[in-house]
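Coordinate inspection notes
If you want the building blocks of each chain, they are given just below.
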Amino acid sequence: MAYKVGYFVGSLSSTSINRTLSRALIRLAPRDLEFTEIPIGDLALYSPDFDTDYPPEARALKDAIAASDAVMFVSPEYNRSIPGALKNAIDWASRPWGQNSFHHLPAAVIGASIGQIGTAVGQQSLRAVLSFCNARQMTAPEAYIHLTPGLINDDGEVTDESTAAFLADFMGEFRTHIERVLTVIPRP
């Protein structure tokens, strides 16, 4: 059985190293995972004023999540937390009250940084938000990628064998996590 994974790239930058990481993850993932990026760049800032009439971009976001069996967050860390655009997308997807798109949805969190701690603190913030949203998070292995120049090519090829093995293992564990969660809590 193939699983559909919607993925978020937390950076809006056209040169995002996390987008490069997402390409590597897709290349190294088990073949029965199908990936679709869920775009976040065109969303207006969330306000409860929209709860009775979501704009088309926010409806498209919720539809993309609903069409996914699981979600993956590939995100940088901004000021020791979640990038604003990603938090905004989560706010849209988790509202209006009672229509939380992340409820019981299998989720994985990973990120890359040029810094030594590789998004560890940002991931902690993201995990807290996803816990409130009742997403079923994969808690291990954790993956904080210190992205050095040349580690991952633009097309997603990982040049270091041990890093490639680690990322392939992460994706294999995510696939197992998806299957376990959906066996217990099937998607509607």
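A brief structural summary. (Residues numbered from 1 in each chain as written. Predicted model: local features only at pLDDT ≥ 70, side-chain atom pairs only at ≥ 80, totals over all residues. Heavy atoms only, no water.)

In this section: the overall build of the chain. Within the chain, the regular secondary structure consists of five helices and six strands. When the helices and strands of the chain are read in sequence order from the N terminus, they spell out β-α-β-α-β-α-β-α-β-β-α. Relative to its length of 188 residues, the chain is compact, with a C-alpha radius of gyration of 16 Å against a globular reference of 16 Å. Counting only C-alpha atoms and orienting by the principal axes, one finds that the chain spans roughly 50 × 35 × 25 Å. Sequence-distant contacts, at least 24 apart, represent 82% of the contacts inside the chain between residues at least 6 apart. When the 15 positive and 21 negative side-chain charges of the chain are each reduced to one mean point, those points stand 4 Å apart. (Helix = DSSP H or I, 4+ residues; strand = E, 2+ residues; numbered from the N terminus. Rg over C-alpha atoms; globule rule 2.2 N^0.38 Å. Contact = heavy atoms within 4.5 Å. Lys, Arg positive; Asp, Glu negative; His and termini not counted. Charge placed at Lys NZ, Arg CZ, Asp CG, Glu CD.)

Let us now look at the side chain of Arg-127. Relative to the elements of secondary structure, Arg-127 occurs in helix H4 (residues 120–132). Among buried Asp, Glu, Lys and Arg side chains, Arg-127 stands out as unpaired, with Glu-142 the closest opposite charge at 4.9 Å. For Arg-127, the residues in contact, after removing those within four places along its chain, are Val-109, Gln-137, Met-138 and Thr-139. (Buried < 20%, exposed > 50% of the residue type's maximum accessible area, 1.4 Å probe, protein only. Salt bridge = Lys/Arg side-chain N within 4 Å of Asp/Glu carboxyl O.)

Taken as a class, soluble globular proteins show a tendency for nonpolar side chains to be buried jointly. One finds Leu-21, Leu-25, Met-72, Ile-110, Ile-145 and Phe-174 to be the most contacted residues of the largest nonpolar core, which totals 30 residues. Looking at which element gives the most residues to this core, the answer is helix H5 (residues 161–184), with seven residues. Not counting residues within four places of it along the chain, the set of residues in contact with Ile-110 comprises Leu-21, Leu-25, Phe-73, Val-74, Ser-75, Gln-123, Ala-143, Ile-145, Leu-167 and Phe-170. Core analysis: the next-biggest nonpolar cluster, separate from the first, contains 27 residues, Ile-38, Ile-40, Val-71 and Leu-126 among them. (Core = buried A, V, L, I, M, F, W, Y, C linked by side-chain atoms within 4.5 Å.)

Taking 1.5 Å per residue, twelve residues should reach 16 Å; helix H1 (residues 17–28) reaches 17 Å between its end C-alpha atoms and fits that length. Along H1, the positions that sit buried rather than exposed are Asn-18, Thr-20, Leu-21, Ser-22, Ala-24 and Leu-25. For H1, the elements touching its buried residues are strand E1 (3–9), strand E3 (70–74), strand E4 (106–113), strand E6 (144–146) and H5. Its side-chain oxygen at 3.0 Å from the backbone nitrogen of Asn-18, Ser-16 defines the N-terminal cap of H1. (Expected span 1.5 Å × (residues − 1). Polar contact = N/O pair within 3.5 Å; in protein donor to acceptor, adjacent residues only side chain to side chain.)

To continue, consider unusual backbone geometry. Most peptide bonds take the trans configuration, and most residues that are not glycine carry a negative phi. The step from Arg-95 to Pro-96 runs through a cis peptide bond, and the omega angle for that step is -10 degrees. Its location among the elements puts Pro-96 in the loop between helix H3 (84–93) and E4. Residue Pro-141 follows Ala-140 across a cis peptide bond; omega there is 0 degrees. In this structure, Pro-141 sits in the loop between strand E5 (136–137) and E6. In the Ramachandran plot, Asn-79 falls in the positive-phi region, its phi being about 50 degrees despite a non-glycine side chain. Topologically, Asn-79 is positioned in the loop between E3 and H3. On the basis of relative accessibility, which here comes to 79%, the residue Asn-79 falls in the exposed class. Unusually for a residue other than glycine, His-104 sits at a positive phi of about 65 degrees. When you line up the elements, His-104 lands in the loop between H3 and E4. Using a relative accessible area of 22% as the deciding quantity, one classes His-104 as partly exposed.

Burial within E3 is extensive, with five of its five residues counted as buried. Strand direction decides the pairing type here: E3 and E4, joined by four bridges, are parallel. Looking at the pairing, Met-72 lines up with Ala-108 of E4. Note on the crossover from E3 through H3 to E4: the handedness is right-handed. (Pairing = 2+ DSSP bridges. Right-handed = clockwise from strand over helix to strand, strands pointing away.)

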